[in-house]
Amino acid sequence: MELSNEQYERLCNFLDANMSMEEMAAFEKELANDDILRSQLNFELSVRNNFLGAKENNIKEPTQEEKKIIKLPNRNNWWKAAAAALILGLSIFYFSQTNKTIPVDTVQHKDTLAAKVKDTGLVKIQPEKKDTTPKIDFVKLFDDNFVPDKIPENYPIQLAAELTEYEKGDYTSMGKLDIANISEIRGGRDKQAIQELAHYYKGISLVKLGKLDDAIANLQWVKNNATTDSMKANARWYLALGYLKKENTGKAKVLLEGIGSYGRYKKEVKKIIQLIE
Amino acid sequence: MCTKDCEHILKSTPSEVVEGFKNASSFFVKKIIGCIYACYQKVFVGWACVAYNKYGIDKINFISNTAFTDGLLKFTEDAKANKLYNSNAKLKTVLHSYFNMTLLGLLQTENRLTDKVNKYKKDTVIENIFLENEALFYSEQKYKAIETALNKMEPLDKQIIVWRQIDEKTLDEIATVLDISKEAASNRIYRCMLRLKNLIEKPNTD
């Protein structure tokens, strides 16, 4: 009796540790009921483990003649490249045709052209510009002041992956961090410290991503629960920026005033308060 | 938590890890180790419990956790010293080799301590070397038998086994190299392994 192709494929996937926990559990049951499969697995493990254990092997290198026999496939993929080039060429041609600008301001054919433009939908109709410039440009104010805080020198490894992304300027994974389910594995930190950092950086990420309500909830947690004054002040700063982005100057002002004498943002706080007053 | 980023890291090459360790960024080292713990500890322990279940689940569960930590330390040391085993493979494969190698060492010591008499008996019976308690461990005698059999095989068959069992290439990788489907690669490898087994069990036949 021999193994089926599917069985052997599963065995290979198992040996490569290329199975989910569920697949592994199913494979375990299969092994318990199939002696041939078990025997094949043991044989393969044994061969592999012996190669692992051997300090050096004396497997003969293939000779030149043998190398010819081990003929690696000559991938004739030229037609794929040609097809890709053709598609690319056609696409460029198509877009160059469709994107030709229409001289809208030609007086002679103004009406006809305007109608054409409308029919083809090639030109977006710009809404009439209204003078809506606010007294305070909140977007600019936010952009001028928002700098994501640096990551700390020492942090729990549970946050390592997200903090790396954060440091690289990608805030998505930190923004999605499931704080309730951070595993309490090694790292020697207590739960409070981990939560504090998690809420803080998640909050900053969410402010940056524009998910302001979630951001405020996370930063509020830090403001209320942080163990150090500096962390509380930092949370206030980013909370204030979040409220500024929401154009809520009242709450922003209260928060900024609460930062008080904390030196880190002293100048910026003073400037913003003056501006929103 | 095993994030996508961590999964991505485990698919990177060992040389990238070596570069990272060379620069000695404590952040990088922590990040890698954190990812390995988050993504791989449970998988490896689960894997070991299935692969070596003949030695008892409780024992394997305990030993494989130790092997994971010890293997990771050894991996870190080797990466720092640029001496990674099987450094052409993917990081995940290399790590698996380290954990497995450490586990085998621990398991073998444990096994031999508790069963010295059996060990002596089993090492002397060549026909059963792949069936007995010591079957999954390295022994010079077994290794010689595999090596001799392998050197008798057809060049391509031998190469396939080298790819699969020494370089630890996955099915997909071998299928790509041979430019055949995954199913065909699986079939081909299986045939090669059966031939190898046959040559080990009956060394005098060609």
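In case you missed it, the structure is sitting above this.
Residues numbered from 1 in each chain as written. Chains lettered and ligands numbered in written order. Predicted model: local features only at pLDDT ≥ 70, side-chain atom pairs only at ≥ 80, totals over all residues.

A. Structural detail: helix α7 (residues 140-151) of chain B. Here α7(B) is 12 residues long and its end C-alpha atoms lie 16 Å apart, about the 16 Å a rise of 1.5 Å per residue gives. Listed as buried for α7(B) are B:Lys142, B:Ile146, B:Ala149 and B:Leu150. All buried residues of α7(B) project into a common sector of 100° when viewed along the axis, lining one side. For α7(B), the exposed residues set more than 90 degrees away from the buried face come down to B:Glu140, B:Gln141 and B:Asn151. Residues of α7(B) that are buried sit in contact with α3 (35-53) of chain A together with α8 (155-166) and α10 (182-201) of chain B. (Helix = DSSP H or I, 4+ residues; strand = E, 2+ residues; numbered from the N terminus. Expected span 1.5 Å × (residues − 1). Buried ≥ 20, exposed ≤ 12 C-beta atoms within 10 Å, placed from the backbone. Arc of directions from axis to C-beta. Contact = placed C-beta atoms within 7 Å.)

B. Layout of the nonpolar core. In terms of nonpolar packing, the biggest core is built from 104 residues, with A:Ala240 and B:Cys35 touching the most fellow members. In terms of residue count, helix α3 (residues 26-51) of chain B provides more of this core than any other element does, 12 residues in total. Those residues in contact with B:Cys35 that lie beyond four places of it in its chain are A:Ala160, A:Ala161, B:Cys6, B:Ile9 and B:Leu10. (Core = buried A, V, L, I, M, F, W, Y, C linked by C-beta atoms within 7 Å.)

C. Layout of unusual backbone geometry. In this model, A:Glu247 sits at a positive phi of 65°, which is unusual for a non-glycine residue. Here A:Glu247 is to be found in the loop between α12 (229-245) and α13 (249-259). Positioned with a positive phi, B:Asp179 is a non-glycine residue whose angle comes to about 55°. Summarising the element assignment, B:Asp179 is placed in the loop between α9 (171-178) and α10. Its 13 C-beta neighbours within 10 Å are what place B:Asp179 among the partly exposed residues.

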